[in-house]
Every structure is written in C-alpha cells, then in structure tokens.
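# Geometric and topological summary
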Amino acid sequence: MPMWMQALMWGTIAGGALVLGSALSWKWSIPPKIVSSVMSFGAGVLISALAFDLVDEAASGGGLWPTVFGFLAGAVVYVGANFLLARRGAKHRKRSGGHQPSEAESPGSGTAIAVGALLDGIPESVVLGLGLITGGGVSPAMLAAVFISNVPEGLSSTAGMKKSGRSAAYVFGVWGGIAVLCGIASLVGYSALENAPAGVIAFITATAAGAILAMLADTMIPEAFEEHHLLSGLIASLGFLTAFTISELGG
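Residues numbered from 1 in each chain as written. Predicted model: local features only at pLDDT ≥ 70, side-chain atom pairs only at ≥ 80, totals over all residues. Heavy atoms only, no water.

Per the secondary structure count, the protein chain includes eight helices and zero strands. Taken from N to C terminus, the helices and strands of the protein chain fall in the order α-α-α-α-α-α-α-α. Within the protein chain, buried positions represent 47% of all 251 residues. A sequence separation of at least 24 residues applies to 86% of the contacts in the protein chain between residues at least 6 apart. Split by element, the accessible area of the protein chain, about 10700 Å² in all, is 72% carbon and sulfur. (Helix = DSSP H or I, 4+ residues; strand = E, 2+ residues; numbered from the N terminus. Buried < 20%, exposed > 50% of the residue type's maximum accessible area, 1.4 Å probe, protein only. Contact = heavy atoms within 4.5 Å. Areas by Shrake-Rupley, 256 points an atom, 1.4 Å probe, with all protein chains shown as cover.)

Turning to the packing of helix α2 (residues 32-62) against helix α5 (residues 140-163), a few remarks are in order. Where α2 meets α5, the closest approach of the two axes is 8 Å, and the angle between their N-to-C directions is 150°. Overall, the two elements α2 and α5 adopt an arrangement that is roughly antiparallel. As α2 runs across α5, the sense of the crossing is left-handed. Residues Val35, Val38, Met39, Phe41, Gly42, Val45, Leu46, Ala49, Asp53 and Leu54 of α2 pack against Ala141, Met142, Ala144, Ala145, Ile148, Ser149, Pro152, Glu153 and Ser156 of α5. (Axes fitted to C-alpha atoms, helices over the stretch in contact; angles between N-to-C directions. Parallel < 35°, antiparallel > 145°, perpendicular 65-115°, else oblique. Left-handed = near helix turned anticlockwise from the far one by under 90°.)

Right, let's get into the environment of Cys182. Looking at the element boundaries, Cys182 is found in helix α6 (residues 168-191). Along the chain, Cys182 and Gly121 lie 61 residues apart, while their C-alpha atoms are 6.6 Å from each other. Apart from the residues lying within four places of it in its own chain, the contact partners of Cys182 are Gly11, Gly15, Gly121 and Ser125.

A word on α6. Its 24 residues give α6 an end-to-end C-alpha distance of 34 Å, which sits within 8% of 34 Å, the value for a rise of 1.5 Å per residue. Buried within α6 we find Val171, Val174, Trp175, Ile178, Ala179, Cys182, Gly183, Ala185, Ser186, Gly189 and Tyr190. (Expected span 1.5 Å × (residues − 1).)

Among soluble globular proteins, nonpolar side chains are generally buried collectively. Of all hydrophobic cores here, the largest spans 29 residues; its most connected members are Leu46, Leu54, Met142, Ile212, Leu216 and Met220. Every element with two or more residues in this core is listed here: α1 (3-27), α2, α4 (109-135), α5 and α7 (198-224). Of all the elements, α7 adds the most residues to this core, at nine residues. With near-sequence residues (within four places) excluded, Leu216 lies in contact with Ala43, Leu46, Ile47, Leu50, Ile221 and Pro222. With eight residues, the next largest nonpolar core counts Met161, Val171, Val174 and Ile178 among its residues. (Core = buried A, V, L, I, M, F, W, Y, C linked by side-chain atoms within 4.5 Å.)

Per-chain confidence: the protein chain averages 83 in pLDDT, with 87% of residues scoring 70 or above. Of all the helices and strands in the protein chain, α4 carries the lowest mean pLDDT, 77, while α1 carries the highest, 92. (pLDDT = per-residue confidence, 0-100.)

A separate point is the packing of aromatic side chains. Inspection of every chain in the model, using the stated rule, returns four aromatic pairs. Centre to centre, the rings of Trp26 and Phe172 are 6.0 Å apart; their planes meet at 70°, and the pair counts as edge-to-face. Remark: Phe172 occurs in helix α6 and Trp26 occurs in helix α1; sequence separation between them is 146 residues. Within the aromatic cluster, the residues linked to one another by ring pairs are Phe52, Phe240 and Phe244. The ring centre of Trp26 lies 5.6 Å from the NZ or CZ of Lys162, which sits over that ring. (Phe/Tyr/Trp six-rings, centres within 6.5 Å; stacked < 30°, edge-to-face > 60°. Lys NZ or Arg CZ within 6 Å of the ring centre and 35° of its normal.)

Time to look at a nonpolar patch on the surface. The grouping of Ile13, Leu20, Leu24, Trp28 and Phe147 at the surface amounts to a nonpolar patch, some 430 Å² of accessible area in total. Examining the composition of the nonpolar patch, we find that three residues originate from one element, α1, more than from any other. Within the secondary structure, Trp28 sits in the loop between α1 and α2. (Patch = residues over 30% accessible without salt bridge, like charges linked within 9 Å, V, L, I, M, F, W, Y side chains within 5 Å. Salt bridge = Lys/Arg side-chain N within 4 Å of Asp/Glu carboxyl O.)

Here it is in structure tokens:
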C-alpha cells in the first residue's frame, strides 16, 4: 500500500475512535466514574507518547532548538485558539457533566464545540503522518495512544452534548466529520513534509507535541480528575506505562 494511503488510513482509523466513543455514550448512559477513569488512562497514554515518540525523536532527528521552539509554538497557538473558542462556548467540550451550554443558552456554541474538537484532533493526526516519514511506518505506540485517548474524548464529549440537548445528527455529524478530517490531516502531514529537512520535521513534530500537552492540561485532565480524585493519578500512570511498553516492544 502506498505511504500516502497508509497515512490517510491510519489517521482515519485513529479519528474513528471518536465515533466509537460517541456511539457507546449515545447508546448507553456511561457512569461518570468510568468516563473519568478512561479519560485518566487516555491522558497518561498521550503523555507517554508525546514524551518518548514525539519530543525525544524530534530532538534526536532535528536538534534541540527546532524542538524547543516548535514545542513552545504549538503550546502558544493551541492555548490562544482554545481561549477564543472558550469565549464562544466550547470551554467544556470534553466534559461529561452538565457543563456544556445548549445552543439556546450560548448561540454559536455548537459550532465552537465542533471546531474545538477538530483543534484537539489535528495535532495528533499530523504526527501519525510524520511518523511514516521518520520511521518508515506508523508508530504502534503513537497510533495506540491516539486511538486509546480518542475513545474517552468521544465518550465524555457526547455525554455532555446529550445533557445539553444536542441532536444525534449534530453529535455524529461532528465526530464523523472530524474522523474524516483527521485522516486528511495525517495525509497532509505526510505529503507536505515528505522531502522536508530534518530540522523542519523536528519543528513540526514538536509543535504537535506542544499542542497535545496544552490540550491535555486544558481539556482532558480536568475531566479525568472530575470524579476520581484519589485514583486518577494511578490510572494515568497505568496509561503511561501501557504506552511506554508498546513503544519499547515496537522498537
């Protein structure tokens, strides 16, 4: 299979985990403690992946300074964009409780939530495409990290969307569209940077890592610690070790 097609396929599969989580949450009422636990695990998985599969590889392949500046750029851009979206009603887009506003309460919040969910998914998808350039194939650890973390994102956000009164057409339209766009982002990450210098690839990889870490702190971790104040750290640690083990076995 051509590399560009692999990039599209893996990005779409990883994004499809959002639809899976959304479907589970729409079909059944998932207890908040389970949603919180799965979110904690997903946060730990992503932290491990960005540390060992993104930042470390970026520094090794392209040098320290492109990695440092890229990481800072990703964090700043994400936080800035997230700030603007939060003012439009998307602040609690990953929360499963009654935090999300309805469209009547905050006109335009539905669009802001959809754009915010896309903002969260794009960096993860781009690095899947970049992994095909730097590693010659998709990173099992990164793919597992994105997939595992996307399931609780879909679970939690959809639970909040249901409570705010959003329709099934809106919910599955959002997640289905984002899954497709995640595949396209992975394809772009591969195609646009296939022949780029190592420093540029390191910068873009670190940019995605900075955005992912900012996303974790701003959106995933608050939901992860919503219910399990005592167990969240342990569950996140298990997620970290799971992704680390996959990375070591895959390497």
